Amino acid sequence: MNRNFTTGFIFESQHYVPNSQIQILENTENHGVPKLIAKVCLQTLNERNGNGRYYETEVGDEIINMLRPKAQKRALFQEVDHPMVPSGVDPNGSEAQFARKRAVTVELKNCGTLIRDIYRDGNNIIGEVETLSGFLGPDLYKTIMYDKADIGFSLRMFGRVVTEESTGISKVLKPIRPITYDTVSNPSHHSAKILSFLPENATEFLSDDMMLTESELLQHSCVINDNLCLECNNIS
C-alpha cells in the first residue's frame, strides 16, 4: 500500500454544533457583562472528517491529555476563526516563516472563549466552554444566545499524517502538539489545510537565532496579548 507522510500544522475541518445541541450549563453576568458556560462536542474520533483526516482514539486521548492541564488552569483560550495561512508562498520565505510562528500563537485580542475542561465521551471529545468577559467574548455570547447561531470548533495543532493513496484517508499520527480548538463559523471550512514544511526548516521556525529540534517545536506554543508582551509557555 502506497502511503505519503506529511509533517506540519493542521488547521482542521470544523466540528459543526447546531445551536440546539449547545448544552447551556450556566448563563450569568460578570460585572454587568453576560457570560455563558456551555457543554459542546469539539471533535469526533474514529471517522473520516471533512478534510479526509482520521483520528483514532489513541490520538484523541493524547490531545485531551495535553490540553486538559491548561484547560483546568483556565489557560486554554480559543480564537475566533483560525489564523489563516496564505497559499502559494515560498516555503522558505519570510511570509511562510511568519505564518508558521503565528500558527502556534493564540492572540487574546482575537479570543472569545476559553475551554475550562476537556474530556472524551465515547468517540466524542467534549469541552466545557466559557465566554470571556472581554475581547470577543460578549460578541460570541450574543451570537449564540440572541442570534441562535450554530457554532463550529476546529482543532489547530502540529502533527504528522500518513495518507493512503488507495483511499485518500489521512491518519493523524503521534507525536502531536495540539495548540487549541478555535471557534469557527464556516460549516464546510474549505480553507482548512496543512501548512507543511521540510524538517530542516522546522529548526528555523521561531526565529533566526533559536534553533529547535522537531521535538522541542512540538512543545512550544504561547499566548500573546497583542503587542503587550504578555506571554506564557503552554507546556504541560
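Nothing here was measured: the structure is a model prediction, and the numbers come from that model.

Student: Run through the overall build of the protein chain, naming residues and quoting values.
Tutor: Along the protein chain, the regular secondary structure elements total five helices and 14 strands. Among the 236 residues that make up the protein chain, the fraction classed as buried is 49%. By sequence separation, contacts in the protein chain at least 24 residues apart represent 74% of the contacts at least 6 residues apart. Accessible area of the protein chain: about 11300 Å², with a carbon and sulfur share of 47%.

Student: Please give an account of the nonpolar core that cites residues and values.
Tutor: Soluble, globular proteins show a tendency: their nonpolar side chains are buried together. Ranked by internal contacts, the top residues of the largest apolar core, which has 32 residues, are Tyr55, Ile63, Ile118 and Tyr181. Contributions of two or more residues to this core are made by strand S4 (33-44), helix H1 (57-72), strand S8 (111-121), strand S9 (124-131), helix H3 (137-145), strand S10 (151-164) and strand S11 (170-184). Sort the elements by how many residues they give to this core and H1 lands first, with six residues. Those residues in contact with Ile118 that sit more than four places away from it in its chain are Leu42, Ile64, Leu67, Arg68, Ala71, Ile125, Ile126, Gly127 and Tyr181. One finds Val104, Val106, Leu114 and Leu132 within the second-largest nonpolar core, a separate group that totals twelve residues.

Student: So what's going on with the confidence of the model for the protein chain? Residues and values would help.
Tutor: Looking at the protein chain as a whole, the pLDDT averages 76, with 68% of positions reaching at least 70. The low-confidence segment residues 187-212 (pLDDT under 50) makes 63 contacts with residues lying over four places distant or belonging to another chain. In the model, residues 225-236 has pLDDT below 50 throughout and makes 27 contacts with residues more than four positions away in sequence or in other chains.

Student: Break down the packing of aromatic side chains for me, citing the residues and quoting the values.
Tutor: Tallied over the entire structure, the rule returns one aromatic pair. Taken together, a centroid distance of 5.8 Å and an interplanar angle of 90° make the contact between Tyr141 and Tyr146 edge-to-face. In this structure, Lys171 packs its charged tip against the face of Tyr54, placed 5.7 Å from the ring centre.

Student: Would you mind going over the pairing of S4 in detail, with residue names and values included?
Tutor: For S4, a buried count of ten out of twelve residues is recorded, marking the element as mostly surrounded by other parts of the structure. By the bridge criterion, seven bridges tie strand S3 (residues 23-30) to S4 in an arrangement that is antiparallel. Of the residues in S4, the one forming a bridge with Glu29 is Pro34. Linkage of S3 to S4, two consecutive antiparallel strands, is achieved through a turn of two residues, within which His31 is found at a positive phi near 55°. Across seven bridges, the pairing between S4 and S9 is antiparallel. By the bridge assignment for S9, Ala38 is matched with Val129.

Criteria and thresholds
- Residue numbering note: each chain is counted from 1, following its sequence as written.
- In view of the model being predicted, local features appear only for residues whose pLDDT reaches at least 70, and side-chain atom pairs are presented and counted only at 80 or more, with totals across whole chains, interfaces and linings using the full set of residues.
- With hydrogens and water excluded, all non-hydrogen atoms of the structure serve as input to the side-chain values.
- Helix and strand assignments come from DSSP, with helices taken as H or I runs of at least 4 residues and strands as E runs of at least 2, each series counted from the N terminus.
- We call a residue buried when its accessible area falls under 20% of the maximum for its residue type, exposed when it is over 50%, and partly exposed in between, using a 1.4 Å probe and counting protein chains only.
- Here a residue-residue contact requires only that any non-hydrogen atoms of the pair lie within 4.5 Å.
- We get accessible surface area from the Shrake-Rupley algorithm with a probe of 1.4 Å; when it comes to residues, only the shown protein chains can shield them.
- To define a nonpolar core, start from buried Ala, Val, Leu, Ile, Met, Phe, Trp, Tyr and Cys residues and group those joined through side-chain atoms within 4.5 Å.
- Confidence of the predictor at the level of single residues is captured by pLDDT, which takes values from 0 to 100.
- Only Phe, Tyr and Trp rings take part, Trp by its six-membered ring, and two of them pair if their centres are within 6.5 Å. Stacked means planes under 30 degrees apart, edge-to-face means over 60, and tilted covers everything else.
- Put simply, a charge is over a ring when the Lys NZ or the Arg CZ is close to the ring centre, within 6 Å, and near the line of the ring normal, within 35 degrees.
- Here a strand pair is declared whenever DSSP counts at least two bridges between the two strands.

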